[in-house]
Amino acid sequence: MDILLSRKSVRSYKPDMISDEDINYILKAAMASPTAGNAREWHFMVIKNKKTHEEIMKIHTAAQMIKNAPAAIIVCAEPNVEKFPGFWPQDAGAATQNILLAATAKGIGSVWCGIYPREERVAKFQELLNIPENIVPVSMIVLGYEDGDTPLKERWEPSKIKYETWA
């Protein structure tokens, strides 16, 4: 529960590199996420190259924090291997959440940047990263050690809870 409640969106990073061991830990958590029918239609791209980060900032205007981040993971999906049509975005979302939580467990800050369903963004990421047409980049998680102290936000909202019926 501590990991769940301490996860926050971090947008300011120190230049310290993240070890390959920690990246693999995070990716292992991503691959432990559930998928509809155990389709496992996701793929992951690790992006550490600063020139690529610069190009990403041109494509994704809300991802400017990648400039100072040592790494990012692009979560992609391969819809044509799904077992239950239409569930691949949820499967990619579950993998994205596991990445965020695993990063938090390792003391690594993270922020979720959406790519899909913005078709123009999807196409530009495919072009930049040589992603095949049948693979959809869904999200990007920017990773790094926090520079500063982003305050936690209280997210408990009992008014959002309904029991049995809406009214």
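Residues numbered from 1 in each chain as written. Predicted model: local features only at pLDDT ≥ 70, side-chain atom pairs only at ≥ 80, totals over all residues. Heavy atoms only, no water.

## With respect to helix α2 (residues 20-31)
Next up, step 1: If you check α2, its first and last C-alpha atoms are 16 Å apart, about what 12 residues at 1.5 Å a residue would give, namely 16 Å.
Next up, step 2: Buried within α2 are the following residues: D22, I23, I26, L27, A29 and A30. Down the axis of α2, the sector holding all buried residues measures 155 degrees, keeping them to one side. Summarising the geometry of α2, the exposed residues directed more than 90 degrees from the buried face are D20, E21 and K28. (Helix = DSSP H or I, 4+ residues; strand = E, 2+ residues; numbered from the N terminus. Expected span 1.5 Å × (residues − 1). Buried < 20%, exposed > 50% of the residue type's maximum accessible area, 1.4 Å probe, protein only. Arc of directions from axis to C-beta.)

## Notes on a nonpolar patch on the surface
Next up, step 1: Taken together, the side chains of M1, L4 and L5 make up a nonpolar region of the molecular surface, amounting to roughly 370 Å² of accessible area.
Next up, step 2: Residue placement: M1 occurs in the segment before α1 (2-6).
Next up, step 3: The exposure class assigned to M1 is exposed, which follows from its relative accessible area of 69%. (Patch = residues over 30% accessible without salt bridge, like charges linked within 9 Å, V, L, I, M, F, W, Y side chains within 5 Å. Areas by Shrake-Rupley, 256 points an atom, 1.4 Å probe, with all protein chains shown as cover. Salt bridge = Lys/Arg side-chain N within 4 Å of Asp/Glu carboxyl O.)

## Here we look at the nonpolar core
Next up, step 1: F44, M140, V142 and L143 are the most contacted members of the largest nonpolar core, which totals 47 residues.
Next up, step 2: Contact partners of V142, with chain neighbours within four places excluded, come to Y13, M65, I66, A69, A71, A72, G109, S110, V111 and C113. (Core = buried A, V, L, I, M, F, W, Y, C linked by side-chain atoms within 4.5 Å. Contact = heavy atoms within 4.5 Å.)

## Quick look at the layout of surface pockets
Next up, step 1: Considering only enclosed or pocket space, the largest pocket measures out at about 370 Å³ in volume.
Next up, step 2: As for the largest pocket, its lining consists of 13 residues, of which L4, L5, R7, K153 and R155 are closest to the centre.
Next up, step 3: Here the residues of the lining of the largest pocket sort into five nonpolar, two polar and six charged. (1 Å grid on protein atoms, 1.4 Å probe; cavity = no way out; pocket = protein on both sides within 12 Å on 5 of 7 lines; lining within 4 Å. Points joined across faces, edges and corners; volume = space filled by probe spheres on them. Nonpolar A, V, L, I, M, F, W, Y, C, P; charged D, E, K, R; others polar.)

## Considerations on the packing of aromatic side chains
Next up, step 1: What the rule picks out here adds up to two aromatic pairs.
Next up, step 2: With a centroid separation of 5.4 Å and an interplanar angle of 40 degrees, the aromatic rings of W42 and F44 are classed as tilted.
Next up, step 3: We classify W42 as buried; its relative accessible area is 7%.
Next up, step 4: Over the aromatic face of Y25 sits the side chain of K106, whose NZ or CZ is 4.4 Å from the ring centroid. (Phe/Tyr/Trp six-rings, centres within 6.5 Å; stacked < 30°, edge-to-face > 60°. Lys NZ or Arg CZ within 6 Å of the ring centre and 35° of its normal.)

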